[in-house]
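What the coordinates show
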Amino acid sequence: MIEYKLFIDNEWRESQSGKTISVEDPATREDFASVQRGNEADVAAAVAAAKEASEDWGALSPRERAGYLRSLADVLEAHSDEMCGIITSEIGMPRAHVFDWHVAAAISGARMYADIAEAYEYTAEQDNYMVIKEPFGVVAGITPWNYPLTQATTKLFAAMAAGNTVVLKPSRQAPVSCLKLAECVLEAGFPKGVFNVVTGVGGEVGNALAAHPNVDALSFTGSTDAGIKVGQLALTTVKKITLELGGKSPLILLPGGDARAAVAAICSDVFMNTGQTCCSFTRFLVPRDRCGEVEALIKEEAANYITGDPGDEATVVGPLVSEAAYRKVKGYIEAGLSEGARLVCGKVPEELTDETKGYFVEPAVFMDVTNDMTIARDEIFGPVISVIAYDTVDEAVRIANDTKYGLAGCVFGNDRTQAMDVLCRIKAGYLLLNGEIPDDSAPFGGYKMSGIGREGGVHGFEEFLQIKSISLD
Ligand code: NAD
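Taken together, 26 residues lie near the ligand, and Thr 143, Asn 207, Ser 223, Leu 245 and Glu 379 sit nearest. Between the ligand and Trp 145 there is a distance of 2.9 Å, counted from an oxygen atom to a side-chain nitrogen or oxygen. Here an oxygen atom of the ligand sits 3.4 Å away from a polar atom, N or O, in the main chain of Gly 222. For the ligand, the protein covers 86% of the area, taking 840 Å² as the surface of the free molecule. Secondary-structure elements contributing two or more residues to the shell around the ligand are helix H7 (202–211), strand E11 (217–221) and helix H8 (224–235). Counting residues per element, the shell around the ligand draws most heavily on H7, which supplies 3 residues. Residue composition of the shell around the ligand, by class: 12 nonpolar, 11 polar and 3 charged. Split by domain, the shell around the ligand shows at least three residues from each of two domains, domain 1 (2–245 + 450–471) and domain 2 (250–448).

Pasting the structure below:
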């Protein structure tokens, strides 16, 4: 059993609540770790430590802060095997894929933000005024379980590189990788108070952080519902807020597009991480006369996504993260069938019993979906693709935009001009041409109810700088 305390001011501390939380391995349904159930008093202590450290950290040169981040990247790299093992235990991501999908971006992100911090122009002079970019002070990060390490590092490495100190509240379902990260921060020699972790329940630790008057900026990643609540709370003390929220993103196969390549891309995108990816292309928009071709291809491709024990080399799809997630996804597959969609891959998950070993759900594909069905509207957050037929490209664009979300989108087409035109008409923040994934320096974030602000690269870095102008005489 792995055990961790809270990480505050470079010390491991017990929560003042006197309580702990067990962390379950979703592949076995057995507890593998225990963490502290932090409370408001722990949040106060962590914020005080971060505030105390913020002046000195903010006063370091960008080069000095970059040095710390580069050391952290090296330490993370040295501990990457252990980190991979933890993430496999906390969310069930197969061991064969966990480095590429979860750990690599944390290491490269630390190096990327070190480079950005060094190269960034923090001051600019105009004719009669000067603009200076400064850190906010204390930044709080509230993060989800689906990419438990990188959701934290993407925001907090940017925040620290920009000169802020941070307090992180990871998800109660997968907090262990963030505590392992704290161990790495300590080993990399960061000054005390720069990086703090308070584990616990969203409504307790998350709320206390969002409301705390000495937290200057809040960066939240999670569901749209929780993001709205946390954002409202943060505004009671007028914090800078960044929200990275849910999605229901479309992939449009244009009439002349490569169906085989589109099918390969969508299966990887939706089935890897067991469909628990915010920007997954879960709505597959296909020309009506190509639906038969796509159905055959998708059946062939989905067969490669072997579901099972995450420790097995051949496994591509692990379990869903929790019993609640399993019940939710099962409910959506049943809803798809009852609303008239045709399930061509996968099956309705069985009832959970005491004998059930893990929360495994086979990748599922529905044909004959219409955009008003529940499975086309709600974020399922499981390995489920809905194929929706369209008759004209204008109709495809209309369907793609007919959602409250606007996180991501993808277009496959053989005519680049047409594909670019369609991409420009999609109301979303993160778009891919023919499935090409950009590097981590591309800005990532949502339109509409998918969020406010951006993560990644210089745009993500700038979210953690505030702007001052000084008029010159
Ligand atoms: P969640 O909203 O349940 O929880 C996210 C975090 O918020 C957790 O740390 C949780 O403890 C905390 N929290 C929850 N309710 C809270 C409250 N009332 N007050 C304060 N804190 C609260 O989300 P989840 O189930 O952990 O993650 C899945 C969701 O995250 C999906 O909707 C997914 O799309 C979204 N997500 C978005 C992005 C993005 O970049 N846009 C990335 C990953 C995940």
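This is not the end of the story, as more comes after the structure.
Before going further, it helps to spend a moment on the sheet that holds strand E5 (residues 30–36). Spatially, 3 strands are ordered E1-E5-E4 in an open sheet, and the strand pairing comes out mixed. Sheet topology places strand E1 (2–3) and strand E4 (20–25) at the edges, where each strand pairs with a single neighbour. Looking at chain direction, E4 and E5 are connected through 6 bridges and run antiparallel. Looking at the pairing, Val 23 lines up with Ala 33 of E5.

Quick look at the packing of helix H13 (residues 393–401) against helix H14 (residues 416–425) now. Direction vectors running N to C along H13 and H14 enclose 30°, while the axes themselves pass 10 Å from each other. Between H13 and H14, the interaxial angle falls into the category roughly parallel. Between H13 and H14 lies a crossing of right-handed hand. In this structure, H13 contributes Val 393, Asp 394, Val 397 and Asn 401 to the contact, and H14 contributes Gln 418, Val 422 and Arg 425. For the contact of H13 with H14, a count of residues per class yields 3 nonpolar, 2 polar and 2 charged.

Moving on, we come to the side chain of Arg 65. With respect to the helices and strands, the residue Arg 65 is situated in helix H2 (residues 62–78). For the buried residue Arg 65, which engages in no salt bridge, the nearest side chain bearing the opposite charge is Glu 64, 7.1 Å off. Within the local environment of Arg 65, its side chain forms a polar contact with the backbone oxygen of Gly 58, the two atoms lying 3.3 Å apart. Side-chain polar atoms of Arg 65 contact the backbone oxygen of Ala 161, separated by 3.0 Å.

This part takes up the nonpolar core. Residues Phe 195, Ile 252, Phe 284, Ile 385 and Phe 461 are the most contacted members of the largest nonpolar core, which totals 139 residues. Of all the elements, helix H4 (residues 95–119) adds the most residues to this core, at 10 residues. Here this core spans two domains, and each of domain 1 (2–245 + 450–471) and domain 2 (250–448) adds at least three residues to it. The residues touching Ile 252, leaving out its near neighbours within four places in the chain, are Leu 285, Tyr 390, Ala 396, Val 397, Ala 400, Cys 410, Val 411, Phe 412, Val 422 and Ile 426. Ranked by size, the runner-up nonpolar core spans 25 residues in total, among them Ile 8, Val 47, Val 167 and Ala 234.

Moving on, we get to the domain arrangement of the chain. You can read the domains of the chain as domain 1 (2–245 + 450–471) and domain 2 (250–448). Contact residues are listed per partner, giving 34 residues for domain 1 and 38 residues for domain 2. Buried area between domain 1 and domain 2, summed over both chains or domains, comes out near 2,900 Å², and the portion from carbon and sulfur atoms is 52%. Looking only at domain 1, the three residues that lose the most surface to domain 2 are Arg 29, Ser 450 and Arg 454, adding up to 23% of its buried area. On inspection of domain 1 and its partner domain 2, the count reaches 1 salt bridge. With a shortest N-O distance of 3.8 Å, Arg 29 and Glu 323 are connected by a salt bridge. Put simply, domain 1 and domain 2 have 19 residue pairs in polar contact (both at pLDDT 80 or more) between them. Those elements that provide at least two residues to the side of domain 1 that touches domain 2 are helix H3 (80–91), H4 and helix H15 (457–462). Among the elements that take part in the side of domain 1 that touches domain 2, H4 stands out by supplying 8 residues, more than any other. Among the residues making up the side of domain 1 that touches domain 2, the classes are represented as 12 nonpolar, 15 polar and 7 charged.

If you trace the 3 strands from one edge of the open sheet to the other, you get E6-E7-E23, paired in antiparallel fashion. Looking at which strands have only one partner, the edges of the open sheet turn out to be strand E6 (123–125) and strand E23 (465–471). Across the sheet, the mean angle separating the axes of adjacent strands is 15° when strand polarity is ignored. Note that E6 and strand E7 (residues 129–135) share 3 bridges and pair antiparallel.

Attention now moves to the pattern of salt bridges. Within this structure, the stated rule accounts for 28 salt bridges. Between Glu 362 and Lys 347 there is a salt bridge; the shortest N-O distance is 3.7 Å. Here Lys 347 lies in the loop between strand E15 (342–345) and strand E16 (364–369) and Glu 362 lies in the loop between E15 and E16, a separation of 15 residues in the sequence. Relative accessible area serves as the criterion here: at 43%, Lys 347 is assigned to the partly exposed category. Here the residues in one salt-bridge network are Arg 63, Arg 70, Asp 115 and Glu 118, joined through shared partners.

Cut-offs applied
- Residues numbered from 1 in each chain as written.
- Predicted model: local features only at pLDDT ≥ 70, side-chain atom pairs only at ≥ 80, totals over all residues.
- Heavy atoms only, no water.
- Near = heavy atom within 4 Å.
- Polar contact = N/O pair within 3.5 Å; in protein donor to acceptor, adjacent residues only side chain to side chain.
- Areas by Shrake-Rupley, 256 points an atom, 1.4 Å probe, with all protein chains shown as cover.
- Helix = DSSP H or I, 4+ residues; strand = E, 2+ residues; numbered from the N terminus.
- Nonpolar A, V, L, I, M, F, W, Y, C, P; charged D, E, K, R; others polar.
- Domains from an automatic or database assignment.
- Pairing = 2+ DSSP bridges.
- Axes fitted to C-alpha atoms, helices over the stretch in contact; angles between N-to-C directions.
- Parallel < 35°, antiparallel > 145°, perpendicular 65-115°, else oblique.
- Left-handed = near helix turned anticlockwise from the far one by under 90°.
- Contact = heavy atoms within 4.5 Å.
- Buried < 20%, exposed > 50% of the residue type's maximum accessible area, 1.4 Å probe, protein only.
- Lys, Arg positive; Asp, Glu negative; His and termini not counted.
- Salt bridge = Lys/Arg side-chain N within 4 Å of Asp/Glu carboxyl O.
- Core = buried A, V, L, I, M, F, W, Y, C linked by side-chain atoms within 4.5 Å.
- Buried area = accessible area lost by both parts, 1.4 Å probe.

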